[in-house]
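Survey of secondary and tertiary structure
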Amino acid sequence: MNSAFTTHEVLNQSPPFENVNLFASDRALMEAVNREGGGAAVERLTSFGEACGSADAFERGRLANENPPRLKTFDSKGRRLDVVEFHPAYHECMEMSVAEGLHCSPWEHAASPGGKPMAGANVARSAGCYMAIQMEAGHQCPVTMTNASVPALLLQPEIAADWLPKILTRHYDKSFQPVGTKRGATIGMGMTEKQGGTDVRANATTATPAGAGGPGAEYIVTGHKWFMSAPMCDAFLILAQAPGGLSCFLLPRFLPDGSVNALRFQRLKDKLGNRSNASSEVEFQAAHAWLIGEEGRGVPAIIEMVTGTRLDCAIGSAGLMRLALANAIHHCRHRTVFQRTLVDQPLMQQVLADLALDVEAATALAFRLCRSFDRASDAHAAAWRRLMTPVTKYWVCKLGPAVAYEAMECMGGNGYVEEGLAARLYRELPLNAIWEGSGNVMALDLLRVLQREPETLEIVMEDLDAAAGSDPQLKTHLERIQTMLHEPRLLEQRGRGLAEALATVASGAILRAHAPAYVADAFIATRLSGGAHQTYGQGLEWADTRAIIARASAG
Ligand SMILES: Cc1cc2nc3c(=O)[nH]c(=O)nc-3n(C[C@H](O)[C@H](O)[C@H](O)COP(=O)(O)OP(=O)(O)OC[C@H]3O[C@@H](n4cnc5c(N)ncnc54)[C@H](O)[C@@H]3O)c2cc1C
């Protein structure tokens, strides 16, 4: 070849970010897992981290998103099918996550009467989810919903007895068959209708008793859902208006006689991100469903499912931010500009370190919340769970898009093209803030807790006060929160401010107690006091940015 035309010798490009152990290379994650009670799972998580960060796994993630699911409404002769076809890579991701038990592991005790939850089960599972979502985000939707459905199913023991044995397996069974013939089952959720997702009390779908009605009885459901994700799940927990009010039902894809239930998928959503996951619009045309709990108690029945998915949103966003950051640092360590690697450029160090602080804080806060799910019988943990679920979901999920954007920019044009990870992460990250309670809804939920269960705030504030120790900035911030609370007239307008204030002080307190001083000092100085910044990469001139980046680096 004429050397004059060898213009495409590849120089100064970073190697692919792959074959990274997503557990062993993530110090903040490993420390959080050990600290919050998941230490027994470390060996298992280390091998799962290797599998999720392998080149094969990232390739699966790419393929599953570049080949999105397709709805097949009819067969070639016009008969209704109502099935969704996925790329094999999506199914492989599901197989991996289900084999790891991410769809059910905290509930294994429910298989035997009187069984006790395993210590640290939620923390261990969440660490798995944090890594699986880095491999591929969309498939985590049914994984999350299945895990979160269990407490709602347990409200109706005879229904739980039928379904739990299929949920608590480690077999992913993608076949479209009655659940009795399957090796494993997944569960979805249908609450949102066209006229409102937040205001589910406005749901128009109706449920009429097929016989006498009542808990566990069969109903006929007619109506629609505007978003019902993972439509190839084996059953869905849905809300519909029964004669006694809004109620929760289990609506399976197949009826007990083996015929297909009357779910008619209208179309799949054309989404910004989350492309590997199918999100359907569906009509229930006199479909059959079974009542969970009492008529009129639909929201209390499904609320545990909602709470579980909110935890997963926070964990998932933290995981995706971690990947965005690790990918950016990796690139900057290999890319040279003006004879110096990007990671050695002072201004880039400010940016990467600043990002790393938010990622570590988000991880620490999400896993702290997760511990409260493992200890729900403890009053302190229950208060944390109730108060800090909306706070954590609000703040961690809101950080996500900004982190993804800045991490993308660290890679320059390489970040903006679809072949890399950065663009997909950027499109994915807004979702966790929107579904399962958008930002304002989380702020309103926090205010509801303050009004109805004020004792939870006292418990959490006491905890934070103790954790703040003698740190003057944390103490001042806590006083600021108390001042906000003493102006109840303005609270509704200040819901977001209060959520953010609680999240940052809680994160700061965890970092102060457990992270290296160079991380805690930098986080507290820039997030809890000092001048306001609207963009990353400011205010850390005095900080040990090299140490912060080295800690966050994956290799
Ligand atoms: C990809 C995707 C998949 C989804 N999958 C599912 C699924 O499987 N099952 C399911 O049931 N739903 C699903 N959803 C729906 C999702 O949960 C809803 O979109 C969400 O709950 C918001 O409801 P909405 O879209 O009707 O918005 P609205 O309820 O109209 O809210 C719009 C905005 O107003 C804000 N808001 C609401 N009330 C107030 C208030 N009182 N004060 C101030 N602001 C307020 C909200 O925070 C939001 O920002 C999915 C959504 C997406 C994007």
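It should be noted that the structure appears before, not after, this text.
Notes on the structure follow.

Calculation notes
- Residues numbered from 1 in each chain as written.
- Predicted model: local features only at pLDDT ≥ 70, side-chain atom pairs only at ≥ 80, totals over all residues.
- Heavy atoms only, no water.
- Salt bridge = Lys/Arg side-chain N within 4 Å of Asp/Glu carboxyl O.
- Helix = DSSP H or I, 4+ residues; strand = E, 2+ residues; numbered from the N terminus.
- Buried < 20%, exposed > 50% of the residue type's maximum accessible area, 1.4 Å probe, protein only.
- 1 Å grid on protein atoms, 1.4 Å probe; cavity = no way out; pocket = protein on both sides within 12 Å on 5 of 7 lines; lining within 4 Å.
- Points joined across faces, edges and corners; volume = space filled by probe spheres on them.
- Nonpolar A, V, L, I, M, F, W, Y, C, P; charged D, E, K, R; others polar.

One pass over the structure, following the stated rule, counts 34 salt bridges. Arg551 is paired through a salt bridge with Glu31; the nearest N and O atoms lie 2.8 Å apart. In this pair, Arg551 is assigned in helix α19 (residues 545-552) and Glu31 in helix α1 (residues 27-35), connecting sequence segments 520 residues apart. Since its relative accessible area comes to 30%, Glu31 is described here as partly exposed. In this structure, the salt-bridge partner of Asp82 is Arg264, at a minimum N-O distance of 3.4 Å. Of the two residues, Asp82 sits in strand β2 (residues 80-85) while Arg264 sits in strand β8 (residues 263-268), which places them 182 residues apart along the sequence. Shared partners join several salt bridges into a network, and the residues in it are Arg310, Arg386, Asp445, Arg448 and Glu453.

Taken as a whole, the second largest pocket holds about 810 Å³ of empty space. Taken together, 29 residues make up the lining of the second largest pocket; nearest its centre are Asp358, Glu500, Thr526, Arg527 and His533. Contributing elements (two or more residues each) for the lining of the second largest pocket: α9 (346-374), α10 (379-410), α16 (472-485), α17 (495-514) and α18 (517-527). Tallying contributions element by element places α10 first for the lining of the second largest pocket, with seven residues. Split by residue class, the lining of the second largest pocket holds eleven nonpolar, eleven polar and seven charged.

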